[in-house]
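Here is how the chains run, residue by residue.
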Amino acid sequence: MGLIIQLGHPTGERCANPAPAPRNFVVIDTTGFHPVNLQFCDCNNLRRAGTRVQQLLRAELFGATLRDPSTCCTLRALENFHSLTLQSKINAYDYYMTLDKLTDNTGLRKQPVSVFF
């Protein structure tokens, strides 16, 4: 639908020089895997916006890598996984497969392999 998430600026403020994230950027949430269009701040506000990792963290997203992440996980999903691990002893593979089934239970679409799990 053309939704683009702009990082590094307050809500409603546009960046003068946005830098697009990789086209296959995936956000892992408690509801499954979601491909999204992200733009990082790359304008003169960069000093206040911070690095790409800092911009993701301010949006409550934890990048899979420190340099040019193309996958991230919401802090809500990480907290959910942590709680399930402590209470029910679920392992990372089972949590990943649960999110895979929530995203597409038919098994027709191949989900991304994540660094997190």
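Computed from a predicted structure; not experimentally measured.

A.B. asks: Sorry if this is basic, but what is going on with the environment of A59 here?
C.D. replies: Mapped onto the fold, A59 is located in the loop between helix 2 (52–58) and strand 6 (61–63). Separated by 53 residues in the primary sequence, A59 and Q6 have C-alpha atoms spaced 9.8 Å apart.

A.B. asks: Sorry, what's going on with helix 4 (residues 92–103) here?
C.D. replies: Given 3.6 residues per turn, any residue in an α-helix points the same way as the ones three and four places further on. For helix 4, spanning 12 residues, the distance from its first C-alpha to its last is 17 Å, which sits close to the expected 16 Å at 1.5 Å a residue. Listing the buried residues of helix 4 in full gives Y95, Y96, L99, D100 and T103. Seen along its axis, helix 4 keeps its buried residues to an arc of 145°; they face one direction. Exposed side chains of helix 4 directed beyond 90 degrees from the buried face belong to Y93 and L102.

A.B. asks: In this structure, what is going on with the sheet that holds strand 1 (residues 5–6)? I would like to understand it.
C.D. replies: Pairing between the strands of a sheet is mediated by backbone hydrogen bonds and can be parallel or antiparallel. Ordered by their spatial adjacency, 3 strands build an open sheet running 1-5-2, and the pairing between neighbours is mixed. Edge positions in the sheet fall to strand 1 and strand 2 (18–20), since each has one partner strand and no second. Two elements, strand 2 and strand 5 (residues 38–41), share 3 bridges in a ladder whose sense is antiparallel. Residue pairing for strand 5: P20 is matched across the bridge by Q39.

A.B. asks: Teacher, can you tell me more about the sheet that holds strand 7 (residues 71–74) here?
C.D. replies: Taken together, 4 strands build an open sheet; the order of strands is 4-3-7-6 and the sheet is mixed. The open sheet is flanked by strand 4 (32–35) and strand 6, the only strands paired with a single partner. Adjacent strand axes in the sheet meet at a mean angle of 30° when their direction is disregarded. Where strand 6 meets strand 7, 3 bridges bridge the pair, whose relative direction is antiparallel.

Calculation notes
Residues numbered from 1 in each chain as written. Predicted model: local features only at pLDDT ≥ 70, side-chain atom pairs only at ≥ 80, totals over all residues. Heavy atoms only, no water. Helix = DSSP H or I, 4+ residues; strand = E, 2+ residues; numbered from the N terminus. Expected span 1.5 Å × (residues − 1). Buried < 20%, exposed > 50% of the residue type's maximum accessible area, 1.4 Å probe, protein only. Arc of directions from axis to C-beta. Pairing = 2+ DSSP bridges. Axes fitted to C-alpha atoms, helices over the stretch in contact; angles between N-to-C directions.

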